[in-house]
Amino acid sequence: MDSSGSPMHTPLRGSPMTGSALHTPLRGSPITMSPLARASRGSPVIGAPTGSPLTGVVGGSPMMGGGICWTPMSGIPCAPPMSESSCWSPMPAAATGPPMPEAAAGASHFATKVELTISCENLMDMDVFSKSDPLCAVYINPSGSHWYEFGRTEMILNNLNPKFAKKFVLDYYFEMVQRLKFCVFDIDNNTYDLSDDDFLGELECTLGQIVSNKQMTRPLLLEDKRPAGHGTITIRAEEITDTRVANFEVSARRLDKKYLWWSDPFLEFYRQIETGWCLAHRTEVVKNNRNPIWKPFRVSLRALCGGDVEKPVKVDCYDYRENGSHALIGTFQTTLAQMQTGTHISPTELECINKKKLKNKNYKNSGVICIKRCEVVKEFTFLDYIMGGCQINFTIAIDFTGSNGDPRSPQSLHYINPEGYNEYLTAIWAVGNVIQDYDSNKMFPVFGFGAQIPNTWTVSHEFPINFNPANPFCAGIEGVVEAYQKCLPQLKLWGPTNFSPIINHVACFARQALRQNKALQYYVLLIITDGVITDMDLTRTAIVEASRLPMSIIIVGVGGADFSAMEFLDSDDKLLQAPNGDVASRDIVQFVPFRTFQLVSTTYDTHRKQRCSRTERPG
């Protein structure tokens with residue numbers, strides 16, 4: 001993940017974070033009062049009960065691949081997850097947002113998933129020699145006091161009337177007020193912090209207002225509530241009832257030259273709606289190529305054609321211009337049914353037509369778009385996999401390196417507190433009480449790393465905290481807590497901080513599961529650490545190799561250390577690359593700094609007091 005991840009020292013200008021105690025949220029990670037919100041893309045830790053620290057992490061499947069699943073070892077399709085055997089695929093899950101707010105736990109069955117599409121018009125031009133480069137950040141207010149960043153659209157260069165392709169999926173509760181804020185910024189640099197970017201205006205509203213209007217246009221306002229020029233924002237809401245997606249492979253040939261002897265083409269797919277055309281997908285730009293091959297992509301049928309394969313789909317082909325004045329190469333209309341007929345051997349060929357050139361008697365077309373693959377598949381949910389027999393196996397790894405501080409000191413993250421809790425125990429309780437619901441036998445192998453262990457007093461990077469290598473399992477989270485409390489006084493916190501041994505340890509079991517040719521086992525490694533890492537190259541290599549296995553990694557950072565190394569491993573914007581150049585098959589790492597959430601020791605205290613009351617009760 002290409003994010004700063006450090007605390008934001010200057011509040012976001014014009015953002016809902018202003019004046020709050022929150023820090024800059026992680027890139028691509030919604031901060032939703034949960035240390036595991038939107039856990040790993042491709043992680044099975046999703047769809048947790050509303051109101052828990054794992055509330056609605058990712059609405060997609062942990063093992064995406066649609067109706068036909070595959071394994072990277074065999075490449076042979078196997079049965080869909082609701083059949084006798086479950087499947088997984090190293091394709092990333094489609095990110096959706098967490099249900100809001102936490103108080104809706106008792107009414108989760110009344111939730112409806114809605115998808116929001118955002119566009120703006122007449123934005124203020126804040127640049128001198130070009131136009132503004134807008135981005136829209138979306139914030140939620142589930143607690144009534146603080147705003148949290150839910151996500152961001154892509155940034156569009158030099159455009160005062162942007163139509164953002166990035167969409168947001170939320171759970172809508174009819175009976176609850178779900179406050180949202182949309183903040184538009186002119187992005188002037190490559191930093192993740194928005195406080196140094198020009199503020200173009202904001203809109204605060206409720207999800208209910210958007211849903212009731214279906215499509216709502218409102219003026220953008222400045223911090224002092226004055227109009228932000230003539231800028232407006234339009235938000236369109238659609239209920240998600242169709243989980244099918246279309247996987248595309250598209251190329252083109254003989255596109256028109258738009259600059260000397262080349263073009264920089266990209267495509268935009270539009271769905272027909274009652275008010276015109278709504279952007280469904282935008283491809284990447286292929287530079288200097290009149291015969292481009294775009295990267296494979298997927299679009300939901302809901303966004304592309306409203307689920308109707310015979311409904312018109314408009315495709316525009318543009319030549320990219322850095323100043324935002326993209327030149328239209330050509331356009332055409334088709335249907336999903338027509339595009340589905342295309343194959344690699346016999347692609348569906350559709351002519352790009354530029355109406356301005358139709359007057360030319362010799363004009364045929366401005367190029368041909370070739371649909372080599374348009375396959376419609378069902379996008380399975382996490383529940384589909386769980387009900388289909390997929391078993392989730394959690395392994396917990398705890399950082400016992402010296403950078404955590406002397407456990408005898410109150411400043412230590414491992415402080416042996418007479419009250420019975422510390423930073424690590426708080427994280428273990430908050431996260432563990434949720435993940436144990438997804439582990440069938442609730443027996444967790446728990447390992448420590450970075451400490452000198454008894455008897456030999458050698459540094460180990462993979463030791464069971466119960467000191468029983470033959471049986472490193474702890475019974476439930478209470479067992480984990482008990483083993484941790486017994487283990488801690490016997491250790492000498494040392495170093496260095498190496499992640500690769502424990503990652504490779506879990507990967508061995510995931511690799512064995514993969515060889516069974518059935519995706520009945522999925523492995524999740526939860527690493528709780530203070531953030532200092534020393535074997536970065538070996539860790540990168542281990543993660544890249546694990547990306548081809550049924551495995552995900554969640555890193556929870558405790559304390560206030562520099563977590564930049566962890567954020568580097570969480571590669572939302574581009575897939576992680578090993579030192580040897582090997583690229584990960586999917587993003588399997590999610591890093592979350594525990595300090596950014598309003599999760600204090602109350603969770604642990606509650607469980608501790610309940611346990612104490614049971615043990616101390618007479619008789």
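For the structure itself, look to the data block above.
Below you will find a few notes about this structure. (Residues numbered from 1 in each chain as written. Predicted model: local features only at pLDDT ≥ 70, side-chain atom pairs only at ≥ 80, totals over all residues. Heavy atoms only, no water.)

### What to know about the environment of F182
Along the chain, the position of F182 falls in strand β5 (residues 179-186). For the pair F182 and L220, spaced 38 residues apart in sequence, the C-alpha to C-alpha distance is 9.1 Å. (Helix = DSSP H or I, 4+ residues; strand = E, 2+ residues; numbered from the N terminus.)

### Quick word on the packing of helix α7 (residues 500-515) against helix α8 (residues 536-546)
Viewed as axis vectors pointing N to C, α7 and α8 meet at an angle of 15°, and their least axial separation amounts to 9 Å. By the criterion of interaxial angle, the relationship of α7 to α8 is roughly parallel. When the axes of α7 and α8 are compared, the crossing they make is left-handed. Two secondary-structure elements touch here, α7 through S500, I503 and N504 and α8 through L538, T539, A542 and I543. Class assignment for the residues of the contact of α7 with α8 results in four nonpolar, three polar and no charged. (Axes fitted to C-alpha atoms, helices over the stretch in contact; angles between N-to-C directions. Parallel < 35°, antiparallel > 145°, perpendicular 65-115°, else oblique. Left-handed = near helix turned anticlockwise from the far one by under 90°. Contact = heavy atoms within 4.5 Å. Nonpolar A, V, L, I, M, F, W, Y, C, P; charged D, E, K, R; others polar.)

### Things to note about a positive patch on the surface
Positive charge collects at one region of the surface, where R254, K257, R290 and K364 lie side by side. Looking at the secondary structure, you find K257 in the loop between β9 (244-253) and β10 (265-273). (Patch = residues over 30% accessible without salt bridge, like charges linked within 9 Å, V, L, I, M, F, W, Y side chains within 5 Å. Areas by Shrake-Rupley, 256 points an atom, 1.4 Å probe, with all protein chains shown as cover. Salt bridge = Lys/Arg side-chain N within 4 Å of Asp/Glu carboxyl O. Lys, Arg positive; Asp, Glu negative; His and termini not counted. Charge placed at Lys NZ, Arg CZ, Asp CG, Glu CD.)

### Notes on the sheet that holds strand β13 (residues 312-319)
The antiparallel open sheet is built from four strands, whose spatial order is β11-β10-β13-β14. A strand with exactly one partner marks an edge of an open sheet, and here the two such strands are β11 (276-282) and β14 (327-335). Strand-to-strand twist in this sheet, taken as the mean axis angle between neighbours without regard to direction, amounts to 30°. Pairing of β10 with β13, which is carried by seven bridges, proceeds in the antiparallel orientation. Directly across from F266, in β13, lies its bridge partner Y318. (Pairing = 2+ DSSP bridges.)

### Details of the nonpolar core
The biggest cluster of nonpolar side chains holds 43 residues, and the ones touching the most others in it are I398, F400 and I465. Elements represented by at least two residues in this core include exactly β17 (391-399), α5 (423-435), β18 (443-449), α6 (476-487), β24 (521-529) and β25 (551-557). The greatest single-element share of this core, amounting to nine residues, is contributed by α5. Setting aside chain neighbours within four positions, we find I465 in contact with I398, F400, V446, F447, G448, V480, A483, Y484 and C487. Of all hydrophobic cores here, the second largest spans 34 residues; its members include I503, I543, I555 and L569. (Core = buried A, V, L, I, M, F, W, Y, C linked by side-chain atoms within 4.5 Å. Buried < 20%, exposed > 50% of the residue type's maximum accessible area, 1.4 Å probe, protein only.)

### Points about the sheet that holds strand β12 (residues 297-300)
Read from one edge to the other, the open sheet built from four strands follows the order β12-β9-β16-β15, with strand pairing classed as antiparallel. The sheet is open, and its two edges are formed by β12 and β15 (348-351), each paired on a single side. In this sheet, neighbouring strand axes are inclined to one another by 35° on average, regardless of whether the strands run parallel or antiparallel. Alignment of β9 against β12, held across four bridges, turns out to be antiparallel. Paired with F248 across the two strands is F297, which belongs to β12.

### Examining the pattern of salt bridges
Tallying each qualifying case throughout the model produces 24 salt bridges. Here R282 ties to E154 by a salt bridge, and the two come within 3.2 Å at their closest N and O atoms. Here E154 lies in the loop between β3 (148-152) and β4 (168-173) and R282 lies in strand β11, a separation of 128 residues in the sequence. Between D319 and R321 there is a salt bridge, and its shortest N-O distance comes to 3.0 Å. Overall, the relative accessible area of 2% leaves D319 in the buried class. One salt-bridge network, in which partners are shared between bridges, spans R179, K181, E202, E204 and K225.

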